[in-house]
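Structure assessment
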Amino acid sequence: MTTHLWSGRFDAPPDALTFAWGSSFGFDRRLFEDDVIGSLAWARGLKRAGVIDDDDAQRLEAALTAILERGRAEPAFVDGPDEDVHSFVERLLVERLGDTGRRLHTGRSRNEQVSLDLRLYLMRRVPLLQRAVAAAIGALYRQALQAGDALMPAFTHFRPAQPVLVAHFLLAHAAPLRRDYDRLAGARREADALTLGSGAIAGTSYDIDVEALARDLGFSRVVANSIDASSDRDFAVTFLYACALTMIHLSRLAEDLIILCGDEHGYFDLSDATSTGSSMMPQKKNPDPLELVRGKTGRAIGQLTALLTALKGLPAGYNKDLQEDKHAVFDAEDTLAGCLMVTRAVVEGLTLNRARAEAAASGLLLATDVADYLVGRGVPFRRAHEIVGALVRKLHTEGRAFQALSAEEWHSASDLFGADVADRVTPRASVAAKRTPQSTAPDAVRDALADLGRWLAGVAG
Ligand code: ARG
């Protein structure tokens, strides 16, 4: 039995080890159903073009459908000594149908076929990732709702900066994920182009109605150029970029949670179910799942880099280097899917320690509000910054906070400080004083939550 497709031209069979090494069936079997679905459509296209007769078309359709059903029901069936999934399907067809099976590849090349399969694959798999992104966003949303008006510090340079609503912080992690959702949609749109009709590189000599074929397979358009089509993996790069950036966002959330759930901050607790213990130190409750999310981010970035690097020196047209695209796409997809699932579980399991979070939102990080108070009394901001800076220096050395200042002390810092300053300089007054829609003002956060709630309802529908 020949397991390669080019025996006519060659005297000797391929070296077994080299052939096995270069084979992709071990990993492109994941494209099995896309390959068969593409072949079913190609058979219909050949029939419409008058290349095969009704009888052959019917037999091809029946055999391909049976192969598809068997492969779906029994994954171990999709296996063999074949070079790749395309050769596997063709071998089965020839074994079942003889010459009728041999007619299927008329006017078609594996070069366009492999791109077609990967495009079909991404078009059906990207929505699953989007759903998982939305689920992680949903977990952040529910935590934000539950946090109500709880406060915590926000950080710049990882130093306590200003009080914010806990909900605002959680929504800050939902926002990039929402962009990722759209970015994934963009990756799917880029994959959405039919490559069939491109042949190996020059197009096909048969009268294939590619527009009809595109509609048949659920594509909204046909590629523009057959040479480009055989080597274009931009859609895969776009997908990998969307995966890598989503991973970066998950990693940053993981990093925040690792720190903020730790003993030093303790604004949140991780659930037991999403933490691990130490084999030696009984007191430990470790954030392993979050650390793994952070750790796996390098992999997703690596896959993007790997494909970009594979593409950079390629001459026009198909080159076998392109086979590497599948390693990158499948690994990035699996990595992201797992991390989204775990992130969602971790976020769902968080408990807010309101008292600790609010205690940390007080103290010298109200300095900007003190300066704003003076600005309200007509002091130029730069001058106010100086006055409050001096006050902070004194309080810092004495280990005190603004709340501990007596009326005389306020007065000696500036005679513009009135009796109302104590009420104006609190964490709650600080968030309430914010005015812009993107701010942590409670009304703004309420609107942002409502907006996210509507978005979640929309994507779930
Ligand atoms: N396994 C190949 C790949 O993944 C399929 C295309 C093969 N085409 C070729 N001309 N050898 O890219």
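In case you missed it, the structure is sitting above this.
Presented here is a report on the structure given in the accompanying data block. Every value quoted in this text rests on a predicted model; they were computed, and no experiment measured them.

**Regarding the pairing of strand S1 (residues 151-156)**
Regular strands place side chains that alternate from one sheet face to the opposite one. In this sheet, strand S2 (residues 159-165) lies alongside S1 in antiparallel orientation, the contact comprising six bridges. Paired with proline 153 across the strands is proline 163, a residue of S2. Between S1 and the antiparallel strand that follows it, S2, lie two residues; histidine 157 among them carries a positive phi value of about 55°.

**A word on unusual backbone geometry**
Phi is positive for histidine 157, which is not a glycine, with a value near 55°. Assignment of secondary structure puts histidine 157 in the loop between S1 and S2. Positive phi, close to 55°, is recorded for phenylalanine 158, a residue that is not glycine.

**Looking at the packing of aromatic side chains**
Taken as a whole, this structure holds ten aromatic pairs when the rule is applied. A centroid spacing of 5.0 Å and a plane angle of 80° characterise the contact between tyrosine 181 and tryptophan 455, whose relative ring orientation is edge-to-face. Here the residue tyrosine 181 occupies a position in helix H8 (residues 166-191), and tryptophan 455 occupies one in helix H20 (residues 442-460), the gap between them amounting to 274 residues. Tryptophan 455 carries the same exposure label as tyrosine 181, and that label is buried. Taking the centre distance of 5.5 Å and the plane angle of 25° together, the rings of tyrosine 373 and phenylalanine 417 count as stacked. With a gap of 44 residues between them, tyrosine 373 in helix H15 (residues 367-376) and phenylalanine 417 in the loop between helix H17 (407-413) and helix H18 (421-424) connect regions that are remote in the sequence. Grouping aromatic residues by their ring pairs yields a cluster made of Phe25, Phe32, Phe77 and Phe88.

Rules behind the numbers
- Residues numbered from 1 in each chain as written.
- Predicted model: local features only at pLDDT ≥ 70, side-chain atom pairs only at ≥ 80, totals over all residues.
- Heavy atoms only, no water.
- Pairing = 2+ DSSP bridges.
- Helix = DSSP H or I, 4+ residues; strand = E, 2+ residues; numbered from the N terminus.
- Phe/Tyr/Trp six-rings, centres within 6.5 Å; stacked < 30°, edge-to-face > 60°.
- Buried < 20%, exposed > 50% of the residue type's maximum accessible area, 1.4 Å probe, protein only.

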